[in-house]
Structures are given as C-alpha cells and as structure tokens.
Amino acid sequence: QQQVKQSPQSLIVQKGGISIINCAYENTAFDYFPWYQQFPGKGPALLIAIRPDVSEKKEGRFTISFNKSAKQFSLHIMDSQPGDSATYFCAAGGGGTSYGKLTFGQGTILTVHP
Amino acid sequence: DTAVSQTPKYLVTQMGNDKSIKCEQNLGHDTMYWYKQDSKKFLKIMFSYNNKELIINETVPNRFSPKSPDKAHLNLHINSLELGDSAVYFCASSRVRQGGGTEAFFGQGTRLTVV
C-alpha cells in the first residue's frame, strides 16, 4: 500500500524534446506528490509538487499532471535541455501519522542529448 | 548558507567499526529525517524525529541509532558496520503538520563505504 512505482528507469531525449516520466501510487491517503531532481554527488532537490485537489500544475518548463481516480501522476519537461540531465524521483507523502515521510519511486535517469 | 548540512561527505571504514554522521539544519524546521540511497539509487526513509522525539523507525537494524540533541541536529551512529551498510545516507528536514505531506529539504549526502 505504501509503494510508488515509477517508469521508465531511463530516458534519452534530444534537446528541445519533451521528457515524460510516470508514477503510480496505491495509498489513497497520500496528499502530497513532489518530484525531486538529483544531480551526481548532490542531494535530491524539490522540482515541483502537487496536491490532489488540482489536476495540473505548471512551473516554467515543468508540468505535473495528476489523475486522482487512476492514482497516477506524471512529470512533463518541455523543451528539454542538456542541463536537465539528472535522476528524477517522484514521491508521495502525507496521510495518517506520516509526519512528512516521503515514499519515493525508483528513479528515472534522464539524458538529454545536445 | 547551507540549509541542511551533513558531515562527513565521504566515509570509508572497515567492517566492524563504529561511525557517526552528523546533520544540522538552519531552516527552523521541527522534523528531521535520515534516508538511505542504495546502489540502485533507491531512496528509503530510515528514521524521523519531530521536536527531538523519534516518530518513525522503518525496521532498521538496531545497529543504527539516531540521536537528536535539539531540533536543529540529528546524528546517526552506526555500530559494527557491515559491507551491506555501504550506501549514501541523506539527512533531510521539513516543517510538517500531523498527517500532512510537505516539502523536504535534503543535505548533500554522506557516501559510506565499508571495506
């Protein structure tokens, strides 16, 4: 019930293309769905997050789409750039006595070719 | 100013040794965490402290003992280190409300290698 499943494991995109990463969750008590970006040797950093009362959130080139009934959410990176090459993690949090605990997906290694 | 800082960044040690990792946050948050990232980059929570009180312990071996002297600090002590403990350990902090999800800020990580 606590799992978050992420796909694909790796993704190669040409510069200017659209990168799409998908996640699915099981626990309907989750109320916070962030995406984290991690560069080699660094800690994960929050990229964008959404709560289940909205279906889409956009910040610059990054958009989260959220489907509550399907228990799925996705990250779209428009006009992908080589600097976007990193590992991306979806996560889910909230519910019960979670105290901010985040359950992470398995991660997606994104490579953007120039 | 670094929001969540942990030391050391790298730690190489022999099996059977005891080691500690320190973490400090200057964000004024009331909740701190330890996460473990394995060789496949999977991130999993180990512990959570709220106002210096242990609130989450995710079936971690009791060789791992977190200590929170105050709200801004959370240290991780590991006894009798094993090869399988090799991983990157991340400290994180957030300001939470009970049952609510919120943003967590992560430190730069400590890469522990047990030889």
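Residues numbered from 1 in each chain as written. Chains lettered and ligands numbered in written order. Predicted model: local features only at pLDDT ≥ 70, side-chain atom pairs only at ≥ 80, totals over all residues. Heavy atoms only, no water.

Visitor: What should I look at first to understand the environment of B:Asn79 in this one?
Guide: Residue and element names in this part refer to chain B. Within the element layout of this structure, asparagine 79 appears in the loop between β8 (73–78) and β9 (87–94). A relative accessible area of 28% places asparagine 79 in the partly exposed class. In the structure, asparagine 79 is positioned 22 residues away from asparagine 57 in sequence and 17 Å away in space, judged by C-alpha atoms. (Helix = DSSP H or I, 4+ residues; strand = E, 2+ residues; numbered from the N terminus. Buried < 20%, exposed > 50% of the residue type's maximum accessible area, 1.4 Å probe, protein only.)

Visitor: Hey, could you run me through the sheet that holds strand β1 (residues 4–7) of chain A in this one?
Guide: Strand pairs in the sheet, formed through backbone hydrogen bonds, run parallel or antiparallel to each other. Residues and elements named next belong to chain A. Read from one edge of the open sheet, 5 strands run β1-β3-β8-β7-β6, paired in antiparallel fashion. Edge positions in the sheet fall to β1 and β6 (56–59), since each of these pairs with one other strand and no more. Shown here is a sheet whose adjacent strand axes are inclined to one another by a mean of 15°, direction ignored. Of the strand pairs in this sheet, strand β3 (residues 19–25) and strand β8 (residues 72–77) are connected by 6 bridges, and their pairing is antiparallel. (Pairing = 2+ DSSP bridges. Axes fitted to C-alpha atoms, helices over the stretch in contact; angles between N-to-C directions.)

Visitor: Would you mind going over the interface of chain A and chain B with me for this structure?
Guide: The accessible area lost on association of the parts is a frequent measure of interface size. If you look at the interface, chain A gives 25 residues, while chain B gives 28 residues. Summed over both sides, the interface between chain A and chain B buries roughly 2,100 Å², with carbon and sulfur atoms accounting for 55% of that surface. Interface area lost by chain A to chain B is led by A:Tyr99, A:Lys101 and A:Phe104, which between them contribute 31%. A salt bridge links B:Glu58 to A:Lys101, with the shortest nitrogen-to-oxygen separation between them at 3.0 Å. Where chain A touches chain B, the interface holds 7 residue pairs in polar contact (both at pLDDT 80 or more). Broken down by secondary-structure element, the contributors of at least two residues to the side of chain A that touches chain B are β4 (33–38), β9 (86–93) and β10 (102–104) of chain A. (Contact = heavy atoms within 4.5 Å. Buried area = accessible area lost by both parts, 1.4 Å probe. Salt bridge = Lys/Arg side-chain N within 4 Å of Asp/Glu carboxyl O. Polar contact = N/O pair within 3.5 Å; in protein donor to acceptor, adjacent residues only side chain to side chain.)

Visitor: Explanation requested: the pairing of strand β2 (residues 10–14) of chain A in the structure shown.
Guide: Across a regular strand the side chains alternate sides, sitting on one face of the sheet and then on the other. Residue and element names in this part refer to chain A. Of the two faces of β2, the one lined by Leu11 and Val13 is fully buried and the one lined by Ser10, Ile12 and Gln14 carries no buried residue. With 5 bridges joining them, β2 and strand β11 (residues 108–113) adopt parallel strand pairing. Bridge pairing in β11 places isoleucine 12 opposite threonine 111.

Visitor: Would you explain the pattern of salt bridges in this entry?
Guide: Side chains carrying opposite charge are able to pair once their charged atoms draw close together. One pass over the full model with this rule turns up 6 salt bridges over all chains. A salt bridge links A:Glu59 to A:Lys57, with the nearest nitrogen and oxygen atoms 3.6 Å apart. Classification of A:Glu59 by relative accessible area gives partly exposed; the value is 38%. You can call A:Lys57 partly exposed: its relative accessible area is 32%. Through salt bridges with shared partners, one network takes in A:Lys101, B:Lys44 and B:Glu58.

Visitor: Looking at this structure, how should I read the side chain of A:Thr63?
Guide: All names here are of chain A. Mapped onto the fold, threonine 63 is located in strand β7 (residues 62–67). Its relative accessible area of 10% is what places threonine 63 among the buried residues. Not counting residues within four places of it along the chain, the set of residues in contact with threonine 63 comprises Ile48, Glu56, Lys57, Lys58, Ser74, Leu75 and His76.

Visitor: Sorry if this is basic, but what is going on with the nonpolar core here?
Guide: Side chains of nonpolar character tend, in soluble globular proteins, to be buried together. Counting 24 residues, the largest nonpolar core has A:Phe33, A:Trp35, A:Phe73, A:Leu75 and A:Tyr88 as its most contacted members. Elements supplying a minimum of two residues to this core: β2, β3, β4, β5 (45–50), β7, β8, β9 and β11 of chain A. The element that contributes the greatest number of residues to this core is β9(A), accounting for 4 residues. Aside from chain neighbours lying at most four places away, what touches A:Tyr88 is A:Gln6, A:Ile21, A:Tyr36, A:Gln37, A:Leu47, A:Leu75, A:Ile77, A:Gly107, A:Thr108 and A:Leu110. Counting residues in each nonpolar core, the second largest holds 20 residues, with B:Ile21, B:Val60, B:Leu74 and B:Cys91 among its members. (Core = buried A, V, L, I, M, F, W, Y, C linked by side-chain atoms within 4.5 Å.)

Visitor: Looking at this structure, how should I read the sheet that holds strand β1 (residues 4–7) of chain B?
Guide: Residue and element names in this part refer to chain B. Taken together, the 4 strands give an open sheet; going across it, the order is β1-β3-β8-β7, and neighbouring strands pair in antiparallel fashion. Edge positions in the sheet fall to β1 and β7 (64–70), since each of these pairs with one other strand and no more. Across the sheet, the mean angle separating the axes of adjacent strands is 20° when strand polarity is ignored. Relative to β8, β7 is paired through 5 bridges, and the arrangement is antiparallel. For serine 65, the partnering residue across the bridge sits in β8 and is histidine 77.

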